[in-house]
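Observations on chain architecture
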Amino acid sequence: MADKLIIFDTTLRDGEQSPGASMNKDEKLRIARQLERLKVDVIEAGFAASSNGDFEAVQCIANAIKDSTICSLSRANDRDISRAAEALQGANSARIHTFIATSALHMEKKLRMTPDQVFEQAKLAVRFARNLVNDVEFSPEDGYRSDVDFLCRVIEAVISEGATTINVPDTVGYAVPELYGNFIKNLRERIPNSDKAIWSVHCHNDLGMAVANSLAGVKIGGARQVECTINGLGERAGNCSLEEVVMAVKTRRDYFGLDLGIDTKHILAASRMVSQTTGFVVQPNKAVVGANAFAHASGIHQDGVLKARDTYEIMRAEDVGWTANKIVLGKLSGRNAFKQRLQELGVQLESEADVNNAFAKFKELADRKSEIFDEDILALVSDESVTHDKEQYGFVSLSQHSETGERPQACIVFTADGKEVKSSSDGNGPVDASLKAIEAHVKSGAEMVLYSVNAISGSTESQGEVTVRLQNSGRVVNGIGADPDIVVASAKAYLSALNKLHSKADRVAAQG
Ligand code: KIV
Ligand code: ZN
């Protein structure tokens, strides 16, 4: 029987560390449910000790998800580890993932600790964690740039203390495939008790090699766990992408010879959910989940694919969840059909009031747009006005006027702390005028660092999905809004970003 490759998804922890990608508890739970549907082996749900919000998200996911192991990150100290264990209490299968940096640079400059102190702390942390749960993962942060003799000493000691998984991060994305693969192989060969733990790879994508490095860690190094994120979401250039690593191992089973537990037909839905929740758009030419991944534009390719599919296709689009755009619901669809579709899409709204609210929004949309696709429904429920009626700002209505040769004007009505306010402004274009009208009242002073519009289902009839990224006092947040009118979508996205900017989010950075 072939070995199994464990897929450890860290979209909700490392992915969320990407500036602007922070998610609230409901959003995280929705994604966790999709990861469970995908049959991900381990879900790293967050870093419980970093903030009360993260603690609650890990706890809620641990209570709700039953088929995947739920993991919390924790620094190598008793307080973090206890918080992780507490948050994970309701899990069917719980893992604590504890880490401490082992490279000379990180120990000296960041931790201001000697190697001996780090060695002791790593041992004590794993010992403490093993008293609380049976499944303990240890990561030597910046492991790939660490002195190999020191790394061997630390890893041997933590395995003796009961670490069940050893994860070797290339924290800064410095590795190249052959060297990283051999690095893991060398560690496994040199450490006497290395066979007592599962070896794991965790690669960042700074040089665009996270997937290649992870696969080399598996093939050359013998790792049997890959840490990855949906769409490669993550700090800086991101992490190893789950969909790419999974489809590489599946498509080239002849080469890797490994089994996977993943149900790949849920990949695309997971990709879209993460993109719509975070506002991180998937590039069209992205492998597996990009809009063009299975599109054959050239005549020669189209002709070939029609004659024999495998002339130009190495994977089947259906295997990762691509289907022809289906009209799923319309104006005449009832509440039950809508609720069932939400369930099929993995969306679980918390209360009947939320379902009613979402259904009312669906009806409004169906009045304006005859064909409602799955993407429209996902955008609709990711609109925070469906589930977060207590948000500080909410969109009510907008009118704007623009004409060639004249300066556009906008007048917006929105709620601020439950009261309706009306504000007007001019601007360079209707979007600019609308956002300036909001800002004229709110005076957030935030700097806009990104504005993007994306057609949800590809035609001019489609809803526009707008992402607005705001920065203020060192915090970066993304707001998302969807509407067939892109000026309205922009105003909704701006208000959503303001809501996030004003929510409390003091947290401890995992690597900092
Ligand atoms: O990249 C990294 O080193 C990490 C660790 C905390 C595992 O994310
Ligand atoms: Zn990382």
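A brief look at the structure comes next. (Residues numbered from 1 in each chain as written. Chains lettered and ligands numbered in written order. Predicted model: local features only at pLDDT ≥ 70, side-chain atom pairs only at ≥ 80, totals over all residues. Heavy atoms only, no water.)

So, the overall build of the protein chain
Helices and strands together make up the secondary structure of the protein chain, namely 18 helices and 15 strands. By the compact-globule yardstick of 24 Å for 512 residues, the protein chain fits well, its C-alpha radius of gyration being 24 Å. When the backbone C-alpha atoms are referred to their principal axes, the protein chain occupies close to 75 × 60 × 45 Å. Within the protein chain, buried positions represent 56% of all 512 residues. Put simply, of all contacts in the protein chain between residues at least 6 apart along the chain, 67% involve residues at least 24 apart. With an accessible surface of roughly 21,900 Å², the protein chain has 49% of that area assigned to carbon and sulfur atoms. Of the side chains in the protein chain, 58 bear a positive and 70 a negative charge, and the two mean positions are spaced by 2 Å. (Helix = DSSP H or I, 4+ residues; strand = E, 2+ residues; numbered from the N terminus. Rg over C-alpha atoms; globule rule 2.2 N^0.38 Å. Buried < 20%, exposed > 50% of the residue type's maximum accessible area, 1.4 Å probe, protein only. Contact = heavy atoms within 4.5 Å. Areas by Shrake-Rupley, 256 points an atom, 1.4 Å probe, with all protein chains shown as cover. Lys, Arg positive; Asp, Glu negative; His and termini not counted. Charge placed at Lys NZ, Arg CZ, Asp CG, Glu CD.)

A look at the packing of aromatic side chains
The full count for this structure, using the stated rule, is seven aromatic pairs. Centre to centre, the rings of F338 and F359 are 5.6 Å apart; their planes meet at 50°, and the pair counts as tilted. With F338 in helix 13 (residues 335-344) and F359 in helix 14 (residues 352-368), the pair connects residues that are 21 residues apart, well separated along the chain. For the cation-ring pair, K219 lies above Y255, with the distance from its terminal atom to the ring centre recorded as 4.2 Å. (Phe/Tyr/Trp six-rings, centres within 6.5 Å; stacked < 30°, edge-to-face > 60°. Lys NZ or Arg CZ within 6 Å of the ring centre and 35° of its normal.)

Focus on a nonpolar patch on the surface
There is a patch of nonpolar side chains on the surface, built from M448, Y451, V453 and I486 and spanning about 310 Å² of accessible area. It is strand 13 (residues 447-455) that contributes the most residues to the nonpolar patch, three residues altogether. Among the structural elements, M448 can be located in strand 13. Assessed through its relative accessible area of 35%, M448 is described here as partly exposed. (Patch = residues over 30% accessible without salt bridge, like charges linked within 9 Å, V, L, I, M, F, W, Y side chains within 5 Å. Salt bridge = Lys/Arg side-chain N within 4 Å of Asp/Glu carboxyl O.)

Describing the packing of helix 2 (residues 52-64) against helix 3 (residues 78-87)
Remark: helix 2 packs on helix 3, axes separated minimally by 8 Å, with the N-to-C direction vectors making an angle of 40°. The orientation of helix 2 relative to helix 3 falls into the category oblique. Contacts between helix 2 and helix 3 involve N52, F55, V58, Q59 and A62 on the former and, on the latter, R83, E86 and A87. When the residues that make up the contact of helix 2 with helix 3 are grouped by side-chain class, the tally is four nonpolar, two polar and two charged. (Axes fitted to C-alpha atoms, helices over the stretch in contact; angles between N-to-C directions. Parallel < 35°, antiparallel > 145°, perpendicular 65-115°, else oblique. Nonpolar A, V, L, I, M, F, W, Y, C, P; charged D, E, K, R; others polar.)

Things to note about the coordination of the zinc ion (ligand 2)
Protein coordination at the zinc ion (ligand 2): the donors are D14 (OD), H202 (NE2) and H204 (NE2), at 2.0 to 2.2 Å from the metal. Spacing between the donor residues of the zinc ion (ligand 2) along the chain follows D-x187-H-x1-H. Highlighted residues: D14 in the loop between strand 1 (4-9) and helix 1 (25-37) and H202 in strand 7 (residues 198-203), separated in sequence by 188 residues. Classification of D14 by relative accessible area gives buried; the value is 0%. (Donors = N, O, S within 2.8 Å, 3.2 Å for Na, K, Ca; no water.)

Some remarks on the nonpolar core
With 95 residues, the main nonpolar core has L38, I70, F138, I166, L187 and W199 as its most contacted residues. Ranked by residue count, the leading element in this core is helix 6 (residues 148-160), at eight residues. The contacts of L187, once residues within four sequence positions are left out, are V148, L151, C152, I155, V168 and W199. Counting residues in each nonpolar core, the second largest holds 26 residues, with F414, L470, V477 and A491 among its members. (Core = buried A, V, L, I, M, F, W, Y, C linked by side-chain atoms within 4.5 Å.)

A closer look at the sheet that holds strand 12 (residues 419-426)
Spatially, 10-11-12 is the arrangement adopted by the three strands of the open sheet, whose pairing is antiparallel. Both edges of this open sheet fall to strand 10 (393-401) and strand 12, since each of them pairs with a single strand only. Along the sheet, successive strands turn relative to each other by an average axial angle of 15°, direction set aside. By the bridge criterion, eight bridges tie strand 11 (residues 409-416) to strand 12 in an arrangement that is antiparallel. (Pairing = 2+ DSSP bridges.)

Some thoughts on the pattern of salt bridges
Inspection of every chain in the model, using the stated rule, returns 35 salt bridges. When the shortest N-O distance is used, the salt bridge between E44 and R13 registers 3.0 Å. Here R13 lies in the loop between strand 1 and helix 1 and E44 lies in strand 2 (residues 42-46), a separation of 31 residues in the sequence. Each member of the pair, E44 as well as R13, is classed as buried. Among the salt bridges present, the one from R252 reaches D254, with a minimum N-O distance of 3.0 Å.

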